[in-house]
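If you want the building blocks of each chain, they are given just below.
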Amino acid sequence: MAPTWRKLTMETTASARVPGERNMMRLLFAAPSLRRRLPEWRQDAARLQAQFRCDLAAAPEDPAMQELIEALAKLSLDFRRWWEQPNHEAYRYGIGMLLDADSVTQTYDHTTLLVDEHRHLRMVVSFSAD
């Protein structure tokens, strides 16, 4: 099974969460409430999309991945434009900065844990950089 980027968003997107949505890519590109809380949204989104594209290489024909790409292209002009003109220079799994409920910038570091190598499952753990 290919990675479908169904990441639990936990604290990072708690107040921006769309009810029932757990897919970080959908939240990143289609939830304006999350976009407003990410001071470096353009850089974070572009990097995560580049990593998503790299993960797709493991299962390029996976129907779930193809459905997600099609849905994201319909939901977001930015996703569609960047997908058509990929940036392979830099990628990462985590988000570095987030505005909290009081609009104070919180800085995060992250690490990626390999949960199941054969199913391409990863867990991104974010922690305060302070």
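This text goes with the structure placed above it.
Report follows, based on the coordinates. As the structure is a prediction and not an experimental result, all values here were calculated from the model.

With that out of the way, let us pick up the packing of helix α4 (residues 63-75) against helix α5 (residues 77-84). At their nearest, the axes of α4 and α5 sit 5 Å apart, and the two run at 120° to each other. In terms of axis orientation, α4 runs oblique to α5. Note on element contacts: α5 touches α4 through Leu77, Phe79, Arg80 and Trp83, opposite Ile69, Leu72, Ala73, Lys74 and Leu75. Each residue belonging to the contact of α4 with α5 can be placed in one class, and the counts come to seven nonpolar, no polar and two charged.

Our next topic: helix α3 (residues 41-56). Side chains that are three or four residues apart share a direction in an α-helix, a result of its 3.6 residues per turn. In a regular helix each residue adds 1.5 Å, so 16 residues correspond to 22 Å; α3 covers 22 Å between its end C-alpha atoms and thus fits that length. Those residues of α3 not exposed but buried are Trp41, Asp44, Ala45, Leu48, Gln49, Ala50, Gln51, Phe52, Arg53, Asp55 and Leu56.

Our focus in this paragraph is the pattern of salt bridges. What the rule picks out here adds up to three salt bridges. A salt bridge links Asp78 to Arg42; the nearest nitrogen and oxygen atoms lie 4.0 Å apart. Taken as a pair, Asp78 in helix α5 and Arg42 in helix α3 lie far apart in primary sequence, 36 residues in all. Looking at Asp78, the relative accessible area reads 10%, which means it is buried. Note that Asp78 is salt-bridged to Arg81, the shortest N-O span being 2.6 Å.

Turning to unusual backbone geometry, a few remarks are in order. With a phi close to 65°, Ser103 is a non-glycine residue in the positive phi region. Within the element layout of this structure, Ser103 appears in the loop between β1 (97-99) and β2 (105-116). With a relative accessible area of 54%, Ser103 lands in the exposed category.

Summed over all chains, the structure comprises six aromatic pairs. Each ring, one from Phe29 and one from Phe79, has its centre 5.2 Å from the other, and the planes form 80°; the classification is edge-to-face. Taken together, the positions of Phe29 in helix α1 (residues 24-30) and Phe79 in helix α5 put the pair 50 residues apart, joining distant regions of the chain. Aromatic rings pair up to connect Phe29, Trp41, Phe52, Phe79, Trp82 and Trp83 into one cluster. Across from the ring centre of Trp41, 3.6 Å away, lies the NZ or CZ of Arg35, which sits over that ring. Looking at Arg53, its charged tip hangs above the ring of Trp83, at a distance of 3.8 Å from the centre.

Let us look at the nonpolar core. Proteins that are soluble and globular tend to have nonpolar side chains buried together. Membership of the largest hydrophobic core comes to 23 residues, with the highest contact counts inside it found for Met25, Leu28, Phe29, Leu34, Trp41, Phe52 and Phe79. Counting only elements with at least two residues in this core, the list comes to α1, α3, α4 and α5. Excluding its chain neighbours within four sequence positions, the residues that come into contact with Phe29 are Arg35, Trp41, Ala45, Gln49, Leu72, Ser76, Asp78, Phe79 and Trp82.

On to α5, then. All of the buried residues along α5 are Asp78, Phe79, Trp82 and Trp83. Each buried residue of α5 sits inside an arc of 125° when the element is viewed along its axis, so together they form one side. Those residues of α5 that are exposed and angled more than 90 degrees off the buried face are Leu77 and Glu84. Measuring from the backbone nitrogen of Asp78 back to the side-chain oxygen at the start of α5 gives 3.3 Å, which picks out Ser76 as the cap.

What counts, and at which threshold
- Throughout this description, residue numbers start from 1 for each chain and increase along the sequence as written.
- Note on the predicted model: pLDDT of at least 70 is required for a residue's local features to be given, and 80 or more for side-chain atom pairs to be given and counted; whole-chain, interface and lining totals, by contrast, use all residues.
- Note that the side-chain values use all heavy atoms of the structure and ignore hydrogens as well as water.
- All axes are obtained by fitting lines to C-alpha atoms, using only the stretch in contact for helices, and the reported angles, taken between N-to-C directions, cover 0 to 180 degrees.
- In this text, helices come from DSSP runs of H or I with a minimum length of four residues, and strands from runs of E with a minimum of two, each type numbered from the N-terminal end.
- For this classification, under 35 degrees means roughly parallel, over 145 means roughly antiparallel, 65 to 115 means roughly perpendicular, and everything else is oblique.
- In this description, contact between two residues means that some pair of their heavy atoms is separated by no more than 4.5 Å.
- Side-chain classes are defined by residue name, with Ala, Val, Leu, Ile, Met, Phe, Trp, Tyr, Cys and Pro counting as nonpolar, Asp, Glu, Lys and Arg as charged, and the others, Gly among them, as polar.
- Here the expected length of a helix is defined as 1.5 Å per residue gap, with one fewer gap than residues.
- Three exposure classes are used, based on accessible area relative to the maximum for each residue type with a 1.4 Å probe and protein chains only: buried under 20%, partly exposed in between, and exposed over 50%.
- Any Lys or Arg side-chain nitrogen located within 4 Å of an Asp or Glu carboxyl oxygen qualifies as a salt bridge.
- Between rings of Phe, Tyr and Trp, where Trp is taken as its six-membered ring, a pair exists when centres lie within 6.5 Å; planes separated by under 30 degrees are stacked, by over 60 edge-to-face, and by other angles tilted.
- Here, over-ring charges are defined by two tests on the NZ atom of lysine or the CZ atom of arginine: distance to the ring centre within 6 Å, and angle to the ring normal within 35 degrees.
- For this analysis, a nonpolar core means a set of buried residues of the types Ala, Val, Leu, Ile, Met, Phe, Trp, Tyr and Cys, connected via side-chain atoms within 4.5 Å.
- Working note: the arc is built from the helix axis to C-beta atom directions.
- Nitrogen and oxygen atoms within 3.5 Å of one another constitute a polar contact, given that in protein one can donate a hydrogen and the other can accept it, and given that sequence-neighbouring residues count only through two side-chain atoms.

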